[in-house]
2 protein chains.
Amino acid sequence: MTLINETLNETHEPALRSWVAYANAAGNDFPIQNLPFAVFRRKGTLEAFRGGVAIGDQILDLAAAAATDVFSGEAAPAVHAGAHDKLNDLMALGPPSWRALRRALSRALREGAAEQAALAACLVPQSEAEYGVPARIGDYTDFYTSVHHATNIGRQFRPDNPLLPNYKWVPIGYHGRASSIGVSGQRFHRPMGQTLPPGATQPVFGPSKRLDIELELGIFVGSGNALGESVPMAQAENHVFGLCLLNDWSARDIQAWEYQPLGPFLSKNFATTISPWIVTLEALAPYRVPFTRPEGDPQPLPYLDSETNRQQGSLDIELQVGLLTPQMRDAGQGDATICRTSYRHAYWTVAQMVTHHTVNGCNLQPGDLLGSGTLSGPTLDQAGALIELTTGGKHPLLLPNGENRTYLQDGDAVVIRGWCEKAGAARIGFGQCLGTVLPVRA
Amino acid sequence: MTLINETLNETHEPALRSWVAYANAAGNDFPIQNLPFAVFRRKGTLEAFRGGVAIGDQILDLAAAAATDVFSGEAAPAVHAGAHDKLNDLMALGPPSWRALRRALSRALREGAAEQAALAACLVPQSEAEYGVPARIGDYTDFYTSVHHATNIGRQFRPDNPLLPNYKWVPIGYHGRASSIGVSGQRFHRPMGQTLPPGATQPVFGPSKRLDIELELGIFVGSGNALGESVPMAQAENHVFGLCLLNDWSARDIQAWEYQPLGPFLSKNFATTISPWIVTLEALAPYRVPFTRPEGDPQPLPYLDSETNRQQGSLDIELQVGLLTPQMRDAGQGDATICRTSYRHAYWTVAQMVTHHTVNGCNLQPGDLLGSGTLSGPTLDQAGALIELTTGGKHPLLLPNGENRTYLQDGDAVVIRGWCEKAGAARIGFGQCLGTVLPVRA
């Protein structure tokens, strides 16, 4: 636990309060201990997007803040980098700059700070903002770090062979599509594609009938590595800027027909939705937990192992998926929770993803996005996809209003929420990741 | 054949000669009928990269050409777009602009052109140039369009099930890594990774011992499509800027262990090499050939079918792979040809790749790269990968100098060449795509 405490500092102090009143409200996602980053502009305007930091129900506009004299030393270039329309330049600066900016923000936003007057003029209410994808995502890689998901879904695609022999050795990952990643609020058309009906020998072409979600976390790469160089475990987290929520929409019928031998393609690349706010690894420090393997499972190969990873490689992030049907929306109801789990169940850690990805010399670049893969927990109600929650569509979910669902219907909206909470630390949240299914495009 | 003739115009006339003398030399890749695009700068300088057009042994510097008064009308914005450090802006303009620029270049570079004096000052010898990756590649997708490759490699990875049931229906593709794409001349370290030795139950970590090539063509997307929109077959080629040579380096031992269930990852993403010159689809028009399926094979589903595709969807591009070992290099020998084939054998066309990729609403963007997949022809000596040429390493290739090879050794260089040649049309070439294997990084 020494390692964990070393990463904690004054910015995590639970008693800290902000002069932005709502930041001190119980249960709010963005207290002064969080300070996540997004890009935003005022809704309905043609303003340039720029970086912002969430504080309570407000956004500190980094472009406006950069024009004040509040930030000095190492924080000054960081706040200027954060003022751009994408966060890549801030991400590229690396941990010392990120830490300096976090410390400066924390001090300036505290109750009683001398900077209050200058920064109060730089606030934009979140209710008046719209968000952009926070980085130019050069490459997007999706991992497969939940052994429970791999087993559950493997059972359906390969009943005789659910968990493949490589799973416990290799942090399985594959490349995804960067161009179709959108920010929370994304609305996308149900995809068309080829599917093989049960019992048929020839495929048919039409709308996907098995449209699913995948509850994931996204990991934004901060500073990159040169092509040919690898990032050892001891350095891996220095290349990570922060985490967001991610919904990897999946057309299961298209996937089943197309995925062999080269993996999912059109079943995934029509849309991927992420939350606007990136919660930094530093903000998450109080929620680190040991990385453990079940009794009898192999330990990671040495290149994927480190003392720090064993002691505190995992993160206890609570995750929840809500479904809002058109009927629920029309009745003024909120979304119904269909899954609750935690990131702590993942079989591979963030550091292991980074190190594995680069062990062959593959270069990561600032703004690259890594998906965790579906984060199903050990029990059925912790499953992060409908194909698991409904056992391949066999057992529909009964919703509180009497409707039921196997896969998504047109008009359905899905919202992912995430937060961290425990005694002795401030609760911090991720906001939400919302996406809506539109009918097939006419 | 009507369709083919409609796409031909004065720029393809075989009798055309250029005032750049070498462009008229027999066997040269870059006659006035070709006019491919690259980005370049003078070798060993810190000049900005800018677009260029190959003509004989020279490059027409588009930044310099844009500063003359040679280009007017629709060609003027095109030449300005081509002057940038990447070709994305030119690619985004679309076919009418590309055609206007091609016509203007063809006229200005012809023997007797009034523009000779102005443009002669804009030439840079190819021998003095170095090249860059020609576009910001937002996403890179690799297809699998050779049924011969799919069958040959399938036999080795799945002896009981070489060609999967989806192959003849789905233009199989998967997402690749954009960040590690380099231009001809790329040198990369042999990758490290996990492999499962024969008979072992636990993997080992170390250098790949089965480093291979994949002979491919790369297809650069020109104008894109919006997320949610699909590109029908009739429009597909309007979204294609041109083609280059591509070597999809592959670590077969890493691939065999990691690829299930989500496809190749670290076995591919350490390096991909492309040729600097992009030969436009218009330059290739004389080499269009009918797209045919073997007797008894299913016809493509309607969304992947069109009369134009059947009549002229395939391209007869001759392809050749050469291997140059350190011993051959030391002896002053040239590379040894290990494969000769043609792109006409592909099972799916360029138009089918574009249409399939977007049928679910996935958005392509200017500068995106599509790989054809390994272009093995029907016979063994036409195979585009060592794993096929050596039957999985069982039958080494005997090289002319007495050496033999199963997979690549450190110091080996591989060069891909491509050209089109037939009676009644000018021969055009792609230049070369060269890459060299360095030892594992210390």
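Reading the values: the criteria
- Residues numbered from 1 in each chain as written.
- Chains lettered and ligands numbered in written order.
- Predicted model: local features only at pLDDT ≥ 70, side-chain atom pairs only at ≥ 80, totals over all residues.
- Heavy atoms only, no water.
- Domains from an automatic or database assignment.
- Contact = heavy atoms within 4.5 Å.
- Salt bridge = Lys/Arg side-chain N within 4 Å of Asp/Glu carboxyl O.
- Polar contact = N/O pair within 3.5 Å; in protein donor to acceptor, adjacent residues only side chain to side chain.
- Helix = DSSP H or I, 4+ residues; strand = E, 2+ residues; numbered from the N terminus.
- Nonpolar A, V, L, I, M, F, W, Y, C, P; charged D, E, K, R; others polar.
- Buried area = accessible area lost by both parts, 1.4 Å probe.
- Pairing = 2+ DSSP bridges.
- Axes fitted to C-alpha atoms, helices over the stretch in contact; angles between N-to-C directions.
- Disulfide = S-S within 2.5 Å.
- Buried < 20%, exposed > 50% of the residue type's maximum accessible area, 1.4 Å probe, protein only.
- Least-squares fit on C-alpha atoms with pLDDT ≥ 70 in both.

Caption draft 1: Spatial organisation of the domain arrangement of chain A. Residues and elements named next belong to chain A. Each domain of chain A was delimited in the assignment, giving domain 1 (10–132) and domain 2 (140–438). With 28 residues of domain 1 at the contact, the number on the domain 2 side is 27 residues. Our count for the domain 1 to domain 2 interface comes out at two salt bridges. Residue D29 pairs with R427 through a salt bridge whose shortest N-O separation is 2.9 Å. Counting every contact that joins domain 1 to domain 2 gives ten residue pairs in polar contact (both at pLDDT 80 or more). Where the side of domain 1 that touches domain 2 is concerned, the elements lending two or more residues are β1 (37–42), β2 (50–55), α4 (88–93), α5 (95–109) and β5 (129–132). Across the side of domain 1 that touches domain 2, the residue classes break down as 16 nonpolar, nine polar and three charged.

Caption draft 2: A look at the interface of chain B and chain A. Counting residues at the interface gives 55 residues for chain B and 55 residues for chain A. The junction of chain B with chain A conceals about 5300 Å² of combined surface from both sides, 61% of it contributed by carbon and sulfur atoms. In this structure, E229 of chain B engages R441 of chain A in a salt bridge whose closest nitrogen and oxygen atoms are separated by 3.3 Å. At the junction of chain B with chain A, the criterion picks out 31 residue pairs in polar contact (both at pLDDT 80 or more). Those elements giving two or more residues to the side of chain B that touches chain A turn out to be β6 (140–143), β7 (173–176), β10 (192–195), α9 (252–258) and α12 (350–358) of chain B. Of the residues forming the side of chain B that touches chain A, the biggest block, four residues, is contributed by β7 of chain B. For the side of chain B that touches chain A, a count of residues per class yields 28 nonpolar, 20 polar and seven charged.

Caption draft 3: Main features of the sheet that holds strand β26 (residues 428–438) of chain B. All names here are of chain B. Ordered in space as β9-β26-β25-β20-β21, the five strands form an open sheet in which the pairing is mixed. Unpaired on one side and paired on the other, β9 (186–189) and β21 (336–342) mark the two borders of the sheet. With direction set aside, neighbouring strand axes in the sheet form an average angle of 20 degrees. Where strand β20 (residues 318–324) lies against strand β25 (residues 413–420), seven bridges are found, and the strand directions are antiparallel. Bridging across to β25, L324 finds its partner in A413.

Caption draft 4: Looking closely at the state of the cysteines. A complete count under the given rule lists zero disulfides over all chains for this structure. The structure places no disulfide on C339 of chain A, whose sulfur is separated from the nearest cysteine sulfur, that of C433 of chain A, by 13 Å. C433 of chain B supplies the cysteine sulfur nearest to C362 of chain A, a cysteine that is in no disulfide, at a spacing of 18 Å. We classify C362 of chain A as buried; its relative accessible area is 0%.

Caption draft 5: Layout of the relation of the copies chain B and chain A. Overlaying chain B on chain A yields an RMSD of 0.0 Å, the required transformation being a rotation through 180 degrees with an accompanying axial translation of 0.0 Å. The symmetry that links the two subunits is that of a two-fold axis. Residue G263 of chain B of chain B places its C-alpha closer to the rotation axis than any other residue of that unit, at 2.2 Å. A shared binding surface is used by both copies, with 100% of the interface residues of chain B retained as interface residues in chain A.

Caption draft 6: Quick look at the sheet that holds strand β3 (residues 58–61) of chain B. All names here are of chain B. Taken in spatial order, the five strands line up as β4-β3-β2-β1-β5 in an open sheet, and their pairing is antiparallel. Bordering the open sheet on either side are β4 (123–125) and β5 (129–132), each of which pairs with just one other strand. Adjacent strand axes in the sheet meet at a mean angle of 50 degrees when their direction is disregarded. Where strand β2 (residues 50–55) and β3 come together, four bridges link them in antiparallel fashion. Of the residues in β3, the one forming a bridge with V53 is L60.

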